[in-house]
Each structure stands twice: as structure tokens, then as C-alpha cells.
Amino acid sequence: MNLHTERLCLRPYTNDLAERVVELAGDEAVAATTFVPHPYTFEVAEDWIALHKDWIEKGTAYPLAMILKESNELVGTMTLRVDKKHHKGELAYWVGKPYWNLGYATEAAIRVVDFGFEELELNRIWSAAITSNPGSTKVMQKAGLSYEGTLKQDVYHWGEYKDIDMYGRIKNDG
């Protein structure tokens, strides 16, 4: 299963990408404003990638590598986690620091939201970001998700409680 945008191929991960995942997701700046584990080891990357095939086959999650078409470089991950019972999905993502503010997350998010509504026939797609990560909330907004509220001190992250901004969209709202 591959999804395409103007500049990206969104495809399932392969084992050969584990080292690059560690390099990008292991950056402290990425972990500081996401839910990516830190430190991010090679074993963590391999174990995570090993789970993907089963998730995709069962339709419970679609963790897709964001690959630049021009250079075949991994720039990040765009995932849609599916709750089949309630016909909804959670959009989750991270982008390597060298690729921040270049529009890749927005481009991928728009395509994955379309995939969720059109191909998976979801009714709702939602996403969450640590309030101190305005770049992520901009991605959600540009992907058509609307602000739904803030969960105060919802997560304990790096030794402190942090607020989480919630965004969502209903299929018929789009």
C-alpha cells in the first residue's frame, strides 16, 4: 500500500529504514515536543517496524514512512491508528528536524486524512499535540482538523505535566 503526494511517497516501513529512524526520531528536539520515546535505540526502531505488517493487515494502524520522491530519503512518519468499532482514526506523526517547516507533514497529513475518509470510510479523524508544539497544531489545521479543546495537564512528559490540544474532523464536515 503506497500513498502519493506531490513530493512524497507514503509507504510501509522496511527494516532498512531502522537506522534512519533512530537518527531522526532519536533527536532530542523531536522527542521534546512529541510522544516519541527518548532515547530512541536501534532495537526500539526494529521492534516498532516489526509490528507494522500485522497492524496494516488487520487495519488497526497504518504507520507510513514519509519518503521524498526526489531523493528517496526518509523524513518522518505519518500514522493513522484506526478504531474500527467507532469508525474513527487518530492521526499521529513526527518529522526529522532537518525537514521541519518545509510542509512535508502537512502534505502527508492531508493525504492520510483523505485516505482515512475515502478509502477506510472513517467517520471521524482526530489528533493531539502538546500545546507547546505550535508546528504540529498548524499541520492539523492545514489538514482540515478543527480545534476541539485543551486537556489540561493531560500527560506527564519529561518531568512535568503538559497540556494537550485536541483537533478533529467529521467526514461530512470536510
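Preceding this paragraph is the structure being described.
This one's a predicted model, so the numbers in the text were calculated from it and none came from an experiment. (Residues numbered from 1 in each chain as written. Predicted model: local features only at pLDDT ≥ 70, side-chain atom pairs only at ≥ 80, totals over all residues. Heavy atoms only, no water.)

Remarks on the overall build of the protein chain
So the rule is basically this: Going along the chain from the N terminus, every DSSP run of H or I of four or more residues is numbered as a helix, and every run of E of two or more is numbered as a strand. Each radius of gyration is computed over the set of C-alpha atoms, and the globule rule expresses the reference value as 2.2 Å times the number of residues to the power 0.38. When a residue's accessible area, from a 1.4 Å probe over protein chains only, is under 20% of the maximum for its type it is buried; when over 50% it is exposed; and in between it is partly exposed. In what follows, a contact means two residues having at least one pair of non-hydrogen atoms within 4.5 Å. Using a 1.4 Å probe, the Shrake-Rupley method yields the accessible areas, and only the shown protein chains count as cover for residues.
Within the protein chain, the secondary structure is distributed over five helices and eight strands. In the protein chain, the order of α-helices and β-strands from amino to carboxyl end is β-β-α-α-α-β-β-β-α-β-α-β-β. Taking 2.2 N^0.38 as the reference for a compact globule, 174 residues should give roughly 16 Å; the C-alpha atoms of the protein chain span a radius of gyration of 15 Å, in line with that estimate. For the protein chain, the C-alpha atoms occupy an extent of roughly 40 × 40 × 30 Å along the three principal directions. Burial analysis of the protein chain (174 residues in total) assigns 48% to the buried set. Sequence separation of at least 24 residues holds for 60% of the intrachain contacts in the protein chain that already meet a minimum separation of 6. For the protein chain, the exposed area adds up to about 9200 Å²; of that, 49% sits on carbon and sulfur atoms.

Some details on the pattern of salt bridges
Just so we agree on the cut-off: One side-chain nitrogen of Lys or Arg within 4 Å of one carboxyl oxygen of Asp or Glu is enough to make a salt bridge.
All chains considered together, the criterion is met by eight salt bridges. As a salt-bridge pair, D54 and K58 come within 3.2 Å of each other at their nearest N and O atoms. With D54 and K58 both in helix 3 (residues 42-58) and four residues apart, the pair spans about one turn of that helix. Overall, the relative accessible area of 48% leaves K58 in the partly exposed class.

Considerations on helix 5 (residues 134-142)
Our working definition: To obtain the arc, one takes the directions from the helix axis to the C-beta atoms.
For helix 5, the set of buried residues is S136, T137, V139 and M140. Within helix 5, the buried residues cover an arc of 155° as seen down the axis, which keeps them to one side. Buried residues in helix 5 make contact with strand 5 (88-95), helix 4 (104-119), strand 6 (124-130) and strand 8 (160-170). Residue G144 follows helix 5 closely and has a positive phi angle near 90°.

Regarding the sheet that holds strand 4 (residues 74-83)
The condition is simple: In short, DSSP must find at least two bridges between two strands for them to pair. Here an axis means a line fitted to C-alpha atoms, over the contact stretch when the element is a helix, while the angle between two N-to-C directions is reported on a 0 to 180 degree scale.
With mixed pairing, eight strands are arranged side by side in an open sheet as 1-2-3-4-5-6-8-7. Two strands lie at the open edges of the sheet, namely strand 1 (3-4) and strand 7 (146-157), each paired on one side alone. Note that strand 7 and strand 8 share eight bridges and pair antiparallel. Note on strand 8: the bridge partner recorded for L151 is I164. The sheet strands contacting helix 1 (residues 18-25) are strand 4 and strand 5, and the helix crosses strand 4 at an angle near 95°. Contacts from helix 3 reach strand 2 (8-12), strand 3 (61-68) and strand 4 within the one sheet, and its direction differs from that of strand 3 by about 120°.

So, the pairing of strand 6
Let me state the cut-off plainly: A crossover counts as right-handed when, viewed with the strands pointing away from the observer, the path leading from the first strand over the helix to the second turns clockwise.
The element strand 6 is largely enclosed, with a buried count of seven among its seven residues. The alternating pattern of strand 6 places R124, W126, A128 and I130 and I125, S127 and A129 on opposite faces, both of which are buried. As paired strands, strand 5 and strand 6 are joined by four bridges and run parallel to one another. Within strand 6, the position partnered with L91 by the bridge is S127. In the classification by handedness, the crossover that spans strand 5, the intervening helix 4 and the parallel strand 6 is right-handed. Where strand 6 meets strand 8, seven bridges bridge the pair, whose relative direction is antiparallel. Note that in strand 8 the partner of A129 across the bridge is D165.

Quick notes on the nonpolar core
Counted only if it meets this: For our purposes a nonpolar core is just a set of buried Ala, Val, Leu, Ile, Met, Phe, Trp, Tyr and Cys residues, chained together by side-chain atoms within 4.5 Å.
Formed by 48 residues in total, the largest nonpolar core has its most connected members in Y13, V21, M66 and M78. Broken down by element, the residue count for this core peaks at eight residues, all from helix 4. If sequence neighbours within four positions are ignored, M78 has contacts with Y62, P63, L64, M66, L91, A92, Y93, A105, A108, A109 and V112. A128, I130, V155 and M166 belong to the second-largest nonpolar core, a separate cluster that totals six residues.

Here's the deal with the environment of A50
Mapping A50 onto the fold places it in helix 3. Of the residues examined, A50 reaches a relative accessible area of 58% and is grouped as exposed. For the pair formed by A50 and T14, sequence separation is 36 residues and the distance between their alpha carbons is 8.6 Å.

These figures capture arrangement, not role.
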